[in-house]
Structures are given as structure tokens and as C-alpha cells.
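These are the residues of each chain, in order.
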There are 2 protein chains.
Amino acid sequence: MSLARLKLPARRLPTRAACVRLSSTACPPSSPNRPLFPCVDAHAARESRLMASFAAQSSPHTPGDVCDTGPEPPYARPNPTSYHIYHHRHPLPLTYYSTPLPSFDIAYETWGTLSPNKDNVILLHTGLSASSHAASTPANSAPGWWENFIGPGKPIDTNTFFVICTNVIGGCYGSTGPSSIEDATGKPWATRFPIVSIFDMVNAQFALLDHLGVQKLYASVGCSMGAMQSLAAGWLHPQRVGKIVSISGTARSSPSAVAMRFAQRSVLMADPNWNNGFYYDGLPPHTGMKLARQIATITYRSGPEWDQRFGRQLRPLPDTEEHPPGSPRTPVLCPDLLIETYLDHQGESFCLKYDANSLIYISKAMDLFDMTLSALESLNIQSSGVHPSALDSASSDPTQQPHRTSHSKSHPPPVNPPPYLPDLAAGMQPLKNIPTLVLGVQSDILFTVEQQREVADALRMGGNENVSYYELGGVWGHDTFLIDVLNVGGAIRGFLS
Amino acid sequence: MSLARLKLPARRLPTRAACVRLSSTACPPSSPNRPLFPCVDAHAARESRLMASFAAQSSPHTPGDVCDTGPEPPYARPNPTSYHIYHHRHPLPLTYYSTPLPSFDIAYETWGTLSPNKDNVILLHTGLSASSHAASTPANSAPGWWENFIGPGKPIDTNTFFVICTNVIGGCYGSTGPSSIEDATGKPWATRFPIVSIFDMVNAQFALLDHLGVQKLYASVGCSMGAMQSLAAGWLHPQRVGKIVSISGTARSSPSAVAMRFAQRSVLMADPNWNNGFYYDGLPPHTGMKLARQIATITYRSGPEWDQRFGRQLRPLPDTEEHPPGSPRTPVLCPDLLIETYLDHQGESFCLKYDANSLIYISKAMDLFDMTLSALESLNIQSSGVHPSALDSASSDPTQQPHRTSHSKSHPPPVNPPPYLPDLAAGMQPLKNIPTLVLGVQSDILFTVEQQREVADALRMGGNENVSYYELGGVWGHDTFLIDVLNVGGAIRGFLS
């Protein structure tokens, strides 16, 4: 027999007591003790804590509770103190239904001062799970999700601009969404809430602009899903949008991004607590939310960043675990490597911070976003910048209508364009007169750099001669827009000035 | 109010009856009906089917049942008819424990004819979830997982070679794993099974080779996790391996690949049926397995392939759903796009085919694989090709020992190598005299092309002057090794001849 010999001196077996204390399979193979799985027990422990907190309440928790447990700014309905709510008493037409949403709330915050003729407004659109709290305010001093980008002298300079950021329709931070009470029933909408589109989100924002008397935006700015909204704003209301900033977004969700979001929705909807979306009088699907967030987190950074940041480092052992310094460690089935601990922590810290149904609805809206002409034509929406007959005449097969799309001399057509590019260019033609900044990141695996090029190419092919295009290197992946003030902020500052 | 006007004529609302039949949120917003979620109901339906089948059995199901439900070859313990089992009566030393596995079974199949002096043997290593059934045999005519690569005149030509493929230790297709009965207790090991390493898997295979009287392999061949084993075989037994083929593998699992496998293990272990691994006398964690497979499937192909194959096509509607041809469709929260249906189907078809604990243990073994010298030194294993004292003297800081690694003139050191490359080269020095084929795929997101270059660079830096390196284009991603007979097969054929 030639099995490799043991090199090291026989490793000390854990004592029976230590074995029970150690997590999973640290026990010797023949140990009668069942292994422990702290990473799994955490779900049950969380459930028990929630159950106890639930039982201590005098009445069933309100939808707001679901969102109010995390670090996002607290919202105390119906009298928010840290943000504004505009209640729109008229119906909101919906992209996928002939029946409109009867009325809606939209939560928003502002920074800077509105100029007398209201021409210095920047509408800032959020990513999937962000609230309107993009930066700190007198009413809420907590840092916002874009704290370093908004303020006096910052890339979006509030000495010049009046910035408005809303919580999107479908969200859970003050705007109407699945956790809101439906007037007709007096209960949360849950999954009876209609599926909303990126265009519906933007139309709700424009209802707010109407309310504020803002006729035309200086710029529509967004990153990630916010970039989708930014493009959608230009498409719906070309005369009302002065400039567009699209950072790490897309004009047509790719199947690989859909796949990652589908995986998240699947684990969430499989949580028994989800209960087909009707969990508002019980416990939320916290385990599904944690697992979904773990998957999402994988798409937000990049392999090279994790190589640099975590490599193959092991998680530090707590003092309670027996492990003499310098001695080899026996692996466990729960997290061993730092990258695992990181994902576990990201999931844990998010799982009670956001409404599960909002995650499902908004991620679905992202999946459905598609600005190709053939896709837009099937929807209950239209651009106010193109006469309907022009769109109607362009219907049958957009790839057979090369005369509808051109390309500027300074930017020749791309090499090996995707086959749908002419269709996308035709769909994006309403944006042809709006100067647009398109910025992407080469290490982004969710909104790939190919998709950024696609947005710029489609705009240019659709006749837009004012497309600024930047690609950033670095290892921060999709999260670059949250981190890289120097480069992302610099491009925005230059483009807005 | 300037909300975009409706362009299309008002869409017909589904009738109440149709609304109930349609899946999720197809109902008008104010409908009192609760939406249906066929994609979620599928889990409960599967649970009911399993429960009924379980109740119909006269005794609790055996571990084999868990693995025998899918298309893999049926295994009828203890008398397999379609594969061989070698029972090793001696202990198997384990990488992470001083206590060995007392004894073990290893299932295997063969193709071709063993030459009189037993010098034409190719040991084929499998990926994570594959059985020993790499190609059809007289005993099992079902196509194997590498059917087009093995046979007379095929890339691994059985007119010349005698091919052996095993089910790995830790697996569930005949070899000893968590679902096997532990002699000491008479019950399945479950998660009391020790964590095994890639090296342990290979040592078990070499015990089989000893049993068969094979002193030296013509070649050790593997793809994906099989490539890890192939490299490990060369490291453990350099004198017994003539050539190495490493396709789409790695010598050091990257944090991004660990992250994807961690996400799979997490959803699986969160399934209440998993029960800390002790589910063999109950129902298996089929929902967790389905969700895990959905995530895994995302890593097996590539975004460009999905763009070409699915794009943004919608799933076909079954005849039972009301939808007039040509009319716009209302989206649902369950799968809408073909990419979602594809992932759903991949998960569904796998969830009862493989043992959940085997998936956890083997994916963990992949995560733990690391051939850097500093990592190898902490393990209970050693290469039979290097004197222990040589390894011992190279311990403290491998990056401070440039004299231990060189680089051939024909292959200068890489530009911008990862910082751990000298450590990896030092660890892989035992392979320096084994001609090695390293082949990778540029669209592979699980075992990236950078990792393939790393393997080749480390081998060359460690003194190996016979490294053949190929990179393939194409859109098939990690699965290329299962599909591309022309290019993958061609490289193997050329290298083996």
C-alpha cells in the first residue's frame, strides 16, 4: 500500500467537551456527538428573537416595522420627521395594466436651494434597496448612501444645485409599495400589489416634480437601477430633462443579471415565512432575505477585489473555541474562510432592514427593463417626445430599418455589435437631443462594461451627438459608484458643469 | 399633471376565474383573490410526492434512494451491477485529522484493455457531482458524462488506453461518503463524516490502483474538480504519474469561486429538511438542493452564451393560461423569461439526483484546495517526491526564497503575477518533471482564465519545462469541457499521443 505517509505528528483530538463546543465535523469521525452548526442555528435564533419581540407587541406589527429595524433612517408613519411625503391623490397609470394605481405616496429628501426660476434641479434616482436618504440632512444626520458625492463643493454641488432624491414606488421607505395599506381592503397590498416598471417609478417622480412646480430638470442622475430610471426619465419626458447621467446601468437587462436576481427571488420566495407575500401579520422571511443578500453581495464586488481583500485568509477563531496558537486548524462546514464570513455578515445585517416584497418587486422591475423599440412598443407607455405615429410606423422589424439609426462621424459604429443594437438605438431615439454621460466599470460583473458600451453605442446610433463615455478600471466592481469619489465624482462634476 | 399618456387601448382585465388560474399578480390590483405562485407551490408539491412515496415504503429509505432517483446509473447496494466496487479494508489517512477513515469503498468503471505490463492506464477524475459513469459500458448503456471523449478512436482512445474512472470519496454513487453506513454505529455517517480533501480523494484512488496492480499511470486526467485531483495526484505520487491533464481547474481555489459555493451550501443547509445533515430517515432537503443547483448553474455557462441562447425571450405560456396570441403579456413574479425557466428546470431536475451532504462535503473540499507551499505545510500529507526535510527547510516565508523557483527561457515570468505565485510555484515543485497540459476557457467565470494561467505559470516557475498551455474562446464557459469535443478533445488527443 502506498498511501501517502503522515508527515505531521498525530494531531491532538478535541476532547468530547471541546468537540461539542466546536462547530461541525471538528469532532473525531467516530464521535457519537452530533456536530453543531452555528451558521444554521443563527436562523432559528433570529426567529426566536423576532417571535419574542412580536409577542411583546400589543398589536401585530405594522409594515413599517419590517423596514425600521436596520441602519436606514427610521420612518415613523404617518408623520415622518426625517423626510417629506407627497401624497398624489390621482391615479398612476401602470405599464403592465390598464387599471391604474388609485393614488400613491412618494417619500423624498432634498439638498441645496431651489433657484427662483426652478432651473437648478437634479433628480437623483436610487439603486434597488436605497432610501431617499442619499446624504445627511438637518432632519437626519445619519450619513446617506451617497454622502461623499452630494454637498457644498462636492461633485453634485449643493451650492449650485437643488437635489431631490425619492424612495421609489414599490419600495418600503415611505413610498407606496407592497407593504403599504391598500385603501380598498385596509390591509397591506402584499403580492396583490401590481408589478411596477422602471417607467412607473419615474412617472411617480414626475408627479412630485409637478407638485413642486419643477418644469424641467437640470439633470437626471442615477447609478445601477438609478441609471435605468435616469434613461427612462429622458425617454418619457425628453423636453423636461436637460442632461442624463447613467452610471453602471443598462438600457436592456441581460440574462446573466436576470439570472442572479432570479436566484435571489427564488431563495426568498422559498422561505416558508414568505407565505406568498402575506407575512405582514407574522414574521418576515428573514432567512430567505439573508440568503438572497448573500447572493446579491457576490455580484456587487469582484473576484480581484476579494483576492486582494480576503485571499484565502481564515476567519479569526473566537476565544471560546479551543485552538492553540500556531497549530493547524480542522475545517468546518460553516464558514472557514474570511470571504464566507463576509458574505454571512452582509446577509445578516440586511435581512431585517428591507421589506422582502419590495426586494422582489423592484428586482423584477429591473429584470423587465428593456428599451429596445420592439419591447417598448408592447407597453402601456409612450415618450412625450416622439409622435405616436412615428413609433407606430417603425414597428414591424427594426433591424430592417437602418435609415432610422445613424452614427456620428466622431464615433463610428462599434465592431461586433449585439444583434439587437439597432432595435435598442431605435428605442432610445427620444433621448437623441439630451447630453448624456455614460460611465461603466470594467470589473463590474452585474452591469458589465459591454452593457455600458451598448448604452453609449445605442445613444450615438440613435443620433445623439453628445454622449460622454468613460470606463473605469479598479477592482471595486459594481460598488465603484459608491466608493470612487475621485473618478466617478470627477466625471459627474465635469459633466454637470 | 404630465404623467405619460396611455398609448395602447385599455387592456382587457382577466376575468376573476382566469385571474386565479394565472400566476401571481396577473390579477387586477384591487382583486380580492390572492395570487398564485406555481414556482413556489412546486416545492410543497414535491414534498407531498416524496412524503407519499416515503409512506408507501415498508421501511425507512436507504441512503441509496437519495441518489437513485435521477438519470445517473442506478446503484443497487450491496451488489452493484453497472460498476465495480473495491472495498479497502485498511484505514485511509485523512488530511485534516489524525484519526483515519477506518475503511472505505470506492466505486469505479473501466474502458479499454489493460496492457500486459499495465502501462496504458489513464485515471480519469470527475467534477463535483459526477459518478464513475464517464461513458457507456456493456453493463450500463446510458451515455456517460464524457461520452464523446472516451472510446475507440475518440480523444481518449480506448484502442490504446485503459481508462479508470471512480466516484470520489465523499460522493454518493457507490464510494464511501456521508450517506454511507458507519460501521461503529450502523447508521449513515451524515455530518459526523470527516471533512475530506482533494488529496484524500486521490489517495483513495491510488489504493484502488494498488489493488489493480497499476504501478504507474500513463496519465492523470481531469476537468474542473477533476483537474484539482489530477494535479494532486502528481503532487502526492510524482513517480507514479506519467502525464497530467488539467482542464478548467485550479491549484488554489479563489475567493470568488468559494463565494459561489458558499452561497449554495448556505441555501442547502437552511432547508429545514437538512436537519444538520441527519435526514436519511426522513425527507431530503430537496428545496435547498434545487435552489443550490440554480445558483451553481449560473456559474457553469456564461453571459454571452445566455445572450445568444435566451436573450430576453419570454417563456412559452401553457395552453391553460389565457393569453390571446399577439396581445401584450402581464408579467408575473414567478419565471417570465426563458433564462429563469432554464434555471428553474436545472434545479428541479437535479434536486433528487444527488445527496445533499455529498454536495456540501465535496464543494467544501474544493474550497479548501490550495497548493501553495505555506498551505500544504499545514496539512497531514506529503509528496512522495520530495524529501520531508527539503519541504521543512522551505517553510517560513516562501516569497523570500526566489532560489527555489525558476522560469524556463521559453516562458519568461508573467507580467503582474499574483503575489502568492512564488508560494504556489514552490508548492507545485514536486510536479516539475511531469509533462502537463493546462487548458482553460476565456468565458469561464468559475475557474477563470487567470487561474489557468496561474497553474501554468506556477508549474513553469517551479521548474517544469513541459507545460502545454491552451486558452479556448467561445461562449460555453465552464461547461466547455463537456461540450467542445473538437477543441478540448483535440488538445487532449495531441497531448496524450
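Residues numbered from 1 in each chain as written. Chains lettered and ligands numbered in written order. Predicted model: local features only at pLDDT ≥ 70, side-chain atom pairs only at ≥ 80, totals over all residues. Heavy atoms only, no water.

Participant: How would you summarise the overall build of chain A if you had to cite specific residues and measurements?
Facilitator: Secondary structure assignment for chain A yields 16 helices and 14 strands. Looking at chain A residue by residue over its 497 residues, the buried ones come to 62%. Contacts in chain A between residues at least 24 apart in sequence constitute 73% of all its contacts with a sequence separation of at least 6. (Helix = DSSP H or I, 4+ residues; strand = E, 2+ residues; numbered from the N terminus. Buried < 20%, exposed > 50% of the residue type's maximum accessible area, 1.4 Å probe, protein only. Contact = heavy atoms within 4.5 Å.)

Participant: Which residues make up the sheet that holds strand β8 (residues 162-166) of chain B, and what values go with them?
Facilitator: Residue and element names in this part refer to chain B. Ordered in space as β1-β4-β8-β5-β11-β12-β13-β14, the 8 strands form an open sheet in which the pairing is mixed. Bordering the open sheet on either side are β1 (84-88) and β14 (467-472), each of which pairs with just one other strand. The average undirected angle you get between the axes of adjacent strands in this sheet is 20°. As paired elements, strand β5 (residues 121-125) and strand β11 (residues 219-223) share 4 bridges and run parallel to each other. When the bridges of β11 are listed, L123 appears paired with S220. Each of β5, β11 and β12 (244-247) is contacted by helix α5 (residues 225-236), which is oriented at about 155° to β11, the strand it contacts most. (Pairing = 2+ DSSP bridges. Axes fitted to C-alpha atoms, helices over the stretch in contact; angles between N-to-C directions.)

Participant: Any details on the environment of V121 of chain A? Residues and values, ideally.
Facilitator: Residue and element names in this part refer to chain A. Mapped onto the secondary structure, V121 falls in strand β5 (residues 121-125). Accessibility expressed as a relative area gives 0% for V121, which makes it buried. Those residues in contact with V121 that sit more than four places away from it in its chain are L114, F162, I164, V214, L217, Y218 and A219.

Participant: Explain the side chain of D355 of chain B to me, using residue names and the numbers behind them.
Facilitator: Residue and element names in this part refer to chain B. Summarising the element assignment, D355 is placed in the loop between α9 (338-350) and α10 (356-368). A relative accessible area of 0% means that D355 is categorised as buried. Here the side chain of D355 touches Y279 through a polar contact of 2.4 Å, side chain to side chain. (Polar contact = N/O pair within 3.5 Å; in protein donor to acceptor, adjacent residues only side chain to side chain.)

Participant: Describe in detail unusual backbone geometry, supporting the description with residues and values.
Facilitator: Positive phi is not limited to glycine here, since N275 of chain A has a value of about 55°. Looking at the element boundaries, N275 of chain A is found in the loop between α6 (255-269) and α7 (286-300).

Participant: Talk me through the environment of I295 of chain A; I want residue IDs and the actual numbers.
Facilitator: Residue and element names in this part refer to chain A. Take I295: it is sitting in helix α7. Overall, the relative accessible area of 2% leaves I295 in the buried class. Sequence separation between I295 and Q264 is 31 residues, and the spatial gap between their C-alpha atoms is 6.4 Å.

Participant: Which residues make up the sheet that holds strand β1 (residues 84-88) of chain A, and what values do they have?
Facilitator: Residues and elements named next belong to chain A. One open sheet holds the 8 strands; their spatial order is β1-β4-β8-β5-β11-β12-β13-β14, and the pairing between them is mixed. Lying at the two open borders of the sheet, with one neighbouring strand each, are β1 and β14 (467-472). The mean inter-strand angle of the sheet, taken between neighbouring strand axes irrespective of direction, is 20°. Bridging between strand β12 (residues 244-247) and strand β13 (residues 436-441) involves 4 bridges; their strand directions are parallel. Paired with V245 across the bridge in β13 is L437. Where helix α4 (residues 198-212) meets the sheet, it contacts β1, β4 (104-111), β5 and β8 (162-166), and its direction lies at approximately 65° from that of β4. Against the sheet, helix α5 (residues 225-236) makes contact with β5, β11 (219-223) and β12, and its axis sits at roughly 155° relative to β11, the strand it touches most.

Participant: Describe the state of the cysteines, with residues and values.
Facilitator: This structure, assessed with the given rule, holds 2 disulfides over all chains. Residue pairing for C39 of chain A: its cysteine sulfur links by disulfide to C334 of chain A, the two sulfurs lying 1.9 Å apart. With the S-S bond torsion at -75°, the cross-link from C39 of chain A to C334 of chain A turns out left-handed. Linking C39 of chain A in helix α2 (residues 38-56) with C334 of chain A in the loop between α8 (303-309) and α9 (338-350), this pair joins segments that are 295 residues apart in sequence. Not part of a disulfide, C223 of chain B finds its nearest cysteine sulfur in C165 of chain B, a span of 10 Å. (Disulfide = S-S within 2.5 Å.)

Participant: Please set out the pattern of salt bridges residue by residue, giving values where relevant.
Facilitator: Taken as a whole and judged by the stated rule, the model has 30 salt bridges over all chains. Three or more residues joined by partner-sharing salt bridges are found here, namely R261, R265, K364 and D367 of chain A together with D336 and E340 of chain B. (Salt bridge = Lys/Arg side-chain N within 4 Å of Asp/Glu carboxyl O.)

Participant: Give a description of the nonpolar core that names residues and reports values.
Facilitator: F199 and M371 of chain A together with F199 and M371 of chain B are the most contacted members of the largest nonpolar core, which has 216 residues in total. Apart from residues no more than four positions distant in its own chain, F199 of chain B is found in contact with T95, A232, W235, L236, F369, M371, L376, L379 and I381 of chain B. (Core = buried A, V, L, I, M, F, W, Y, C linked by side-chain atoms within 4.5 Å.)

Participant: So what's going on with the packing of helix α4 (residues 198-212) of chain B against α5 of chain B? Which residues, and what values?
Facilitator: All names here are of chain B. Between α4 and α5, the least distance of the axes is 9 Å, while the angle of their chain directions is 70°. As judged from the angle between their axes, α4 and α5 are roughly perpendicular. By crossing handedness, the relation of α4 to α5 is classed as right-handed. In this structure, α4 uses I198, F199, M201, V202, N203, Q205 and F206 to contact α5, whose residues at the interface are M225, M228, Q229, A232, A233, W235 and L236. (Parallel < 35°, antiparallel > 145°, perpendicular 65-115°, else oblique. Left-handed = near helix turned anticlockwise from the far one by under 90°.)

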